[in-house]
Amino acid sequence: MAYPLDQEKWQRVRQMLERQNLDAVVVRAPDNVLYLTNYWTMKGYDLAIFPREGDPTLLVIEPQFREAQRSAWNKDVRFFPFYHPKDPRPPMIRAVEMAVDVLRERKLSRRVGIELSQTSQICDRMVGEPTVYWQGFYDAFRAGCNEIVDAAPLLSELRMIKTSQEIERMRLANELAAIGMEHARDNIKPGMKESEVAAMIEGHIHAKGVGYKDKVEMARAFTLVWSGKGIATFTATSHRPVIENEPTLVEIWVCADGYWTDLTKNLCPGRLTPEYNRLLDQLLKIFGDAVGCVRDGAPLGEIDRIIRAGIDAAGYPGQPSHPVGHGVGARAHEAPYSHQAASGVMRSGMVLAIEPGIYWGGGGGLRLEDNFLVKASGCEKLCSYPDDFRR
């Protein structure tokens with residue numbers, strides 16, 4: 001979607017380049033290309049060169065040239081051949097060579113930041129086949145520049161604090177997640193397969209989300225669904241049936257034009273059993289205590305400490321095995337991360353996923369997860385679908 005230039009973001013990036021004495025930063029990860037240019041690449045071959053001064057340069061495969069010109073904030077958009085009859089090499093090699101040429105052309109090759117330490121990478125719009133780095137990528141910039149610096153942690157730190165435009169875009173993704181869950185709540189039936197529930201949610205969000213409010217161009221949902229004793233820590237959705245009077249747990253990511261949610265929501269056809277009522281009450285109390293600590297200046301590790309202490313007191317020591325707090329934005333999982341060794345603090349403008357979970361031996365259990373915008377004196381829940389899912 002052709003959003004207006006996020007001046008606040010570009011100013012922050014230029015200030016970072018000035019502090020680090022960098023001529024430019026070159027990015028290939030689709031989420032960083034999106035972050036810097038507003039262009040969400042169809043395939044991960046494209047690169048963006050963001051200089052300390054002047055307009056960024058975006059390099060894209062030829063079939064995406066017009067799309068990139070339409071959606072990118074920068075005016076300098078160039079293409080490289082996706083297929084070249086005289087050059088049988090893969091297109092990503094032509095892209096890297098072109099990027100090095102641009103740095104030389106623009107006299108930006110003194111001190112350059114590239115992504116040297118990516119721990120994860122979000123997918124491009126094709127989703128199923130993320131493209132990553134290879135030795136020749138790094139070697140090309142080392143040979144073509146006087147000095148190379150790792151830009152990955154610098155961009156990660158910038159991305160922790162969302163601009164007002166980013167928050168608006170994340171609200172849209174959370175609205176679509178609520179629409180998908182409400183549709184499932186109204187249509188789920190005992191005996192349906194977990195995979196049918198997943199397909200129902202994902203299909204509905206894709207159908208409603210493309211063109212949503214004339215603000216979303218591409219919307220996709222990705223789910224993991226488990227019901228009853230199938231509920232566990234991050235296993236695959238299966239053909240198990242939905243169980244009446246027990247939770248069906250939905251791990252749901254929604255992406256709206258490159259900005260994500262990371263949520264865990266629950267459904268129940270019927271009335272929860274007494275043991276699940278007790279578990280939900282326990283988990284809602286723990287969740288509320290953790291959310292209550294979220295505010296500007298609070299220690300990042302406090303979320304993890306409160307959740308694990310509460311779960312321990314509820315009689316489930318050592319749970320959950322998964323992390324319970326992290327940032328969300330142009331990735332579903334990004335910095336900052338709440339763990340008890342974390343030294344940082346929460347800051348206004350962060351969006352944090354908070355996700356306590358309790359799992360029973362032999363199968364079953366619950367997880368709750370929402371995304372919260374950190375504010376000066378508290379936080380704002382971004383998804384309207386309720387955590388107390390009893391009706």
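Check the entry above for the structure.
So, here is what we can say about the structure in this document.

Quick notes on the rules
- Residues numbered from 1 in each chain as written.
- Predicted model: local features only at pLDDT ≥ 70, side-chain atom pairs only at ≥ 80, totals over all residues.
- Heavy atoms only, no water.
- Helix = DSSP H or I, 4+ residues; strand = E, 2+ residues; numbered from the N terminus.
- Expected span 1.5 Å × (residues − 1).
- Buried < 20%, exposed > 50% of the residue type's maximum accessible area, 1.4 Å probe, protein only.
- Arc of directions from axis to C-beta.
- Contact = heavy atoms within 4.5 Å.
- Phe/Tyr/Trp six-rings, centres within 6.5 Å; stacked < 30°, edge-to-face > 60°.
- Lys NZ or Arg CZ within 6 Å of the ring centre and 35° of its normal.

1. Quick notes on helix α8 (residues 194-209)
- Helix length check: α8 (16 residues) gives 22 Å between terminal C-alpha atoms against 22 Å at 1.5 Å per residue, within 8%.
- What α8 keeps buried is the set Glu194, Val197, Ala198, Met200, Ile201, His204, Ile205 and Gly209. Buried residues in α8, looked at end-on, bunch into an arc of 160°, giving them a common side.
- Buried residues along α8 sit in contact with α7 (164-187), β7 (219-227), β8 (248-256) and β10 (263-267).
- At the C-terminal side of α8, Gly211 shows a positive phi close to 90°.

2. Some thoughts on the packing of aromatic side chains
- Under the criterion given, the structure shown has 13 aromatic pairs.
- Summarising the aromatic geometry, the rings of Trp10 and Phe50 are spaced 5.4 Å apart at their centres and angled 85° between planes, so their arrangement reads as edge-to-face. Of this pair, Trp10 sits in helix α1 (residues 7-19) while Phe50 is found in strand β2 (residues 47-51), placing the two residues 40 residues apart along the sequence.
- Using a relative accessible area of 1% as the deciding quantity, one classes Phe50 as buried.
- Ring plane angle 20° and centroid distance 6.1 Å describe the contact between Tyr133 and Tyr138, whose orientation is recorded as stacked. There is no split in this pair, since Tyr133 and Tyr138 are both buried.
- Members of the aromatic cluster, joined through ring pairs, are Tyr133, Trp134, Phe137, Tyr138 and Phe141.
- Looking at Arg28, its charged tip hangs above the ring of Tyr133, at a distance of 5.6 Å from the centre.

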